[in-house]
Protein chains: 2
Amino acid sequence: MKHLGILLSGRGSNFLAIADAMDRGQIEGADISIVISNRAEAAGIAAARARGLATQVIEARGRKRAEQDAEIVACLREHGVELVCLAGYMRLLSPEFIAAFPNAILNIHPSLLPSFPGLDAQAQALAYGVGISGCTVHFVDEQLDHGVIVLQRAVPVLQGDDEEALSARILEQEHLAYPEAISRVLSGNYAIVDRRYVARASQNAALIEEAK
Amino acid sequence: MKHLGILLSGRGSNFLAIADAMDRGQIEGADISIVISNRAEAAGIAAARARGLATQVIEARGRKRAEQDAEIVACLREHGVELVCLAGYMRLLSPEFIAAFPNAILNIHPSLLPSFPGLDAQAQALAYGVGISGCTVHFVDEQLDHGVIVLQRAVPVLQGDDEEALSARILEQEHLAYPEAISRVLSGNYAIVDRRYVARASQNAALIEEAK
């Protein structure tokens with residue numbers, strides 16, 4: 001069984017999509033061993049408790065980010081976490097945090113990166129006037145919304161869309177994309193070549209396993 | 001009848017897609033009144049001649065861009081051109097050219113702008129490792145690959161894609177996107193709000209016509 005750790009700051013709709021996909025058996029051989037929030041009042045942390053999951057609130061309380069992150073890393077290790085999933089976690093991770101989980105921290109972003117990194121990606125997309133946007137699941141590196149892309153899903157921007165309508169359409173795709181990306185990463189059947197995520201054909205994967 | 005002018009530098013596959021769409025009646029009330037190339041040996045110019053279209057080669061011959069562009073603008077005007085379509089035209093347009101055809105110059109670019117502007121967009125997309133790319137038809141403004149977007153079409157990047165395979169998949173969509181974008185622009189049923197292309201509902205368009 002592989003252990004996931006979730007970090008969130010708000011309602012955690014992507015956390016719930018991951019948990020639901022797990023309940024449906026769509027993410028095999030994995031469980032959520034800890035849900036961490038940097039805000040005590042996050043609705044996502046209450047939802048995690050209601051599901052009987054282990055939870056932890058680790059607030060900033062005016063501390064340095066490195067100090068808060070060290071506490072989070074310790075908590076994740078304590079729960080045997082192998083893959084960290086950011087689900088609306090509104091703090092940048094320290095370099096030490098990122099180094100503690102090499103190629104093992106995922107984030108989801110509501111645009112087709114590299115377009116529209118940073119805050120308010122949906123509003124940025126509308127202001128630019130794109131006809132297509134979407135979402136991106138990527139590994140976290142030290143640059144904002146920049147790491148290796150695991151998968152993307154596209155959505156049309158429709159006439160008359162406001163930020164709310166576009167965000168809702170993208171969120172539907174996020175809820176499909178994140179569980180799928182987690183499955184891919186947990187399978188281990190991939191390589192990162194330069195900065196491309198390259199899936200190994202399952203036949204090749206079997207051969208690799210055999211050769212071990 | 002509205003008159004289009006085409007500018008190309010190479011094989012002109014998008015020019016041919018536009019001409020074919022016109023022959024099939026997919027771009028109503030319009031013809032191609034002139035095809036201009038900045039290279040005498042462009043295959044697209046031979047193809048235009050073979051179709052019985054008026055053609056003109058206007059080479060740079062070491063002249064300043066403004067001088068060459070003035071000659072092109074004069075040629076377009078002589079042929080009554082109302083909409084200029086760049087189809088693999090490998091020269092930047094001078095500000096004077098752009099000012100001569102306000103919101104009446106279209107270009108097609110093989111990426112989902114604002115991602116991957118400039119040369120070798122498909123190679124840029126592969127190097128970045130995106131899961132989705134596509135093409136963009138946009139009005140030309142004074143910044144490279146930057147003007148208001150008329151429409152975009154997405155394509156998946158598949159495992160094992162090289163530049164050639166991805167380019168071919170995007171090109172298929174370009175050949176659909178460009179005629180569709182031209183139809184939209186020629187219809188006049190749109191407004192540009194900030195930098196968003198906003199289609200007017202046909203009902204609204206009828207009301208606007210009535211009110212004239």
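Conventions we followed
Residues numbered from 1 in each chain as written. Chains lettered and ligands numbered in written order. Predicted model: local features only at pLDDT ≥ 70, side-chain atom pairs only at ≥ 80, totals over all residues. Heavy atoms only, no water. Helix = DSSP H or I, 4+ residues; strand = E, 2+ residues; numbered from the N terminus. Rg over C-alpha atoms; globule rule 2.2 N^0.38 Å. Buried < 20%, exposed > 50% of the residue type's maximum accessible area, 1.4 Å probe, protein only. Areas by Shrake-Rupley, 256 points an atom, 1.4 Å probe, with all protein chains shown as cover. Least-squares fit on C-alpha atoms with pLDDT ≥ 70 in both. Contact = heavy atoms within 4.5 Å. Buried area = accessible area lost by both parts, 1.4 Å probe. Salt bridge = Lys/Arg side-chain N within 4 Å of Asp/Glu carboxyl O. Polar contact = N/O pair within 3.5 Å; in protein donor to acceptor, adjacent residues only side chain to side chain. Nonpolar A, V, L, I, M, F, W, Y, C, P; charged D, E, K, R; others polar. Pairing = 2+ DSSP bridges. Axes fitted to C-alpha atoms, helices over the stretch in contact; angles between N-to-C directions. Expected span 1.5 Å × (residues − 1). pLDDT = per-residue confidence, 0-100. Patch = residues over 30% accessible without salt bridge, like charges linked within 9 Å, V, L, I, M, F, W, Y side chains within 5 Å. Lys, Arg positive; Asp, Glu negative; His and termini not counted. Charge placed at Lys NZ, Arg CZ, Asp CG, Glu CD. Parallel < 35°, antiparallel > 145°, perpendicular 65-115°, else oblique. Left-handed = near helix turned anticlockwise from the far one by under 90°.

Some remarks on the overall build of chain A
Looking only at helices and strands, one finds seven helices and nine strands in chain A. For a compact globule of 212 residues, the expected C-alpha radius of gyration is about 17 Å, and chain A comes in at 17 Å, within 12% of that figure. The proportion of buried residues among the 212 residues of chain A is 50%. Accessible surface computed for chain A: about 9700 Å², of which carbon and sulfur atoms make up 51%.

Some points on the relation of the copies chain B and chain A
Relating one copy of the chain to the other takes a rotation about an axis and a shift parallel to that axis. At an RMSD of 0.0 Å, chain B and chain A line up after a rotation of 180° and a shift of 0.0 Å along the axis. In symmetry terms, the pair is related by a two-fold rotation axis. When C-alpha distances to the rotation axis are compared across chain B, the minimum falls at Ser-115 of chain B, with a value of 2.7 Å.

With respect to the interface of chain B and chain A
On the chain A side, the residues contacting the 25 residues of chain B number 25 residues. Here chain B packs against chain A, burying approximately 2100 Å² in sum over the two surfaces, 52% of which is carbon and sulfur. Scanning the region where chain B abuts chain A turns up zero salt bridges. Seen at the junction of chain B and chain A, the total is eleven residue pairs in polar contact (both at pLDDT 80 or more). Those elements that place two or more of their residues in the side of chain B that touches chain A are α5 (121–128), β7 (149–156) and β9 (196–199) of chain B. Along the lines of polarity and charge, the residues of the side of chain B that touches chain A split into 14 nonpolar, six polar and five charged.

What about the sheet that holds strand β3 (residues 55–57) of chain B?
Residues and elements named next belong to chain B. Strand order in the open sheet formed by seven strands is β3-β2-β1-β4-β5-β6-β7, and the pairing between neighbours is mixed. In this open sheet, the two strands that pair with only one neighbour each are β3 and β7. The sheet shows a mean angle of 20° between the axes of neighbouring strands, taken without regard to direction. Where strand β1 (residues 2–8) meets strand β4 (residues 83–86), four bridges bridge the pair, whose relative direction is parallel. What sits directly across from Ile-6, in β4, is Cys-85.

Notes on helix α6 (residues 163–187) of chain B
For α6 of chain B, with 25 residues, the first-to-last C-alpha span of 35 Å sits near the 36 Å given by 1.5 Å per residue. A positive phi of about 75° marks Gly-188 of chain B, the residue just after α6 of chain B.

A few points about the pairing of strand β9 (residues 196–199) of chain A
All names here are of chain A. Direction of pairing for strand β8 (residues 190–193) relative to β9: antiparallel, over a ladder of four bridges. Residue pairing across strands places Tyr-190 opposite Ala-199, the latter belonging to β9. The hairpin turn running from β8 into β9, its antiparallel successor, is two residues long, and Asp-194 in that turn takes a positive phi close to 55°.

Details of the sheet that holds strand β2 (residues 30–37) of chain A
Residue and element names in this part refer to chain A. Here seven strands make up an open sheet; going across it, the order is β3-β2-β1-β4-β5-β6-β7 and the pairing mixed. Pairing within the sheet leaves two strands with one partner each, and these edge strands are β3 (55–57) and β7 (149–156). Geometrically, the sheet is characterised by an average inter-axis angle of 20° between neighbouring strands, direction not taken into account. In this structure, strand β4 (residues 83–86) lies alongside strand β5 (residues 105–109), joined through two bridges in parallel fashion. The residue of β5 that forms the bridge with Val-84 is Ile-105.

Some details on the pattern of salt bridges
The full count for this structure, using the stated rule, is twelve salt bridges over all chains. The salt bridge partner of Arg-39 of chain B is Glu-41 of chain B, with a shortest N-O separation of 3.1 Å. According to the relative accessible area criterion, Glu-41 of chain B is exposed, its value standing at 54%. Where salt bridges share partners, they join Asp-20, Asp-23 and Arg-51 of chain A into one cluster.

Here's the deal with the confidence of the model for chain A
If pLDDT is low for a region, its predicted coordinates should not be looked at in detail. Predicted confidence across chain A gives a mean pLDDT of 93, with 95% of residues reaching 70 or more. Both scores are given for the predicted complex: the pTM is 0.92, the ipTM 0.91.

Digging into a negative patch on the surface
Residues Asp-120, Asp-162, Glu-163 and Glu-164 of chain A make up a contiguous surface patch of negative charge. Here Glu-164 of chain A is to be found in helix α6 (residues 163–187).

Quick word on the packing of helix α1 (residues 13–23) of chain A against α6 of chain A
Residue and element names in this part refer to chain A. At a minimum axis separation of 9 Å, α1 and α6 run at an interaxial angle of 50°. Between α1 and α6, the angle falls in the class oblique. α6 is crossed by α1, and the crossing has right-handed handedness. For the pair α1 and α6, the contacting residues are Ser-13, Asn-14, Ala-17, Ile-18 and Ala-21 in the first and Leu-171, Glu-174, His-175, Tyr-178, Pro-179 and Ile-182 in the second. Broken down by class, the residue content of the contact of α1 with α6 amounts to seven nonpolar, three polar and one charged.

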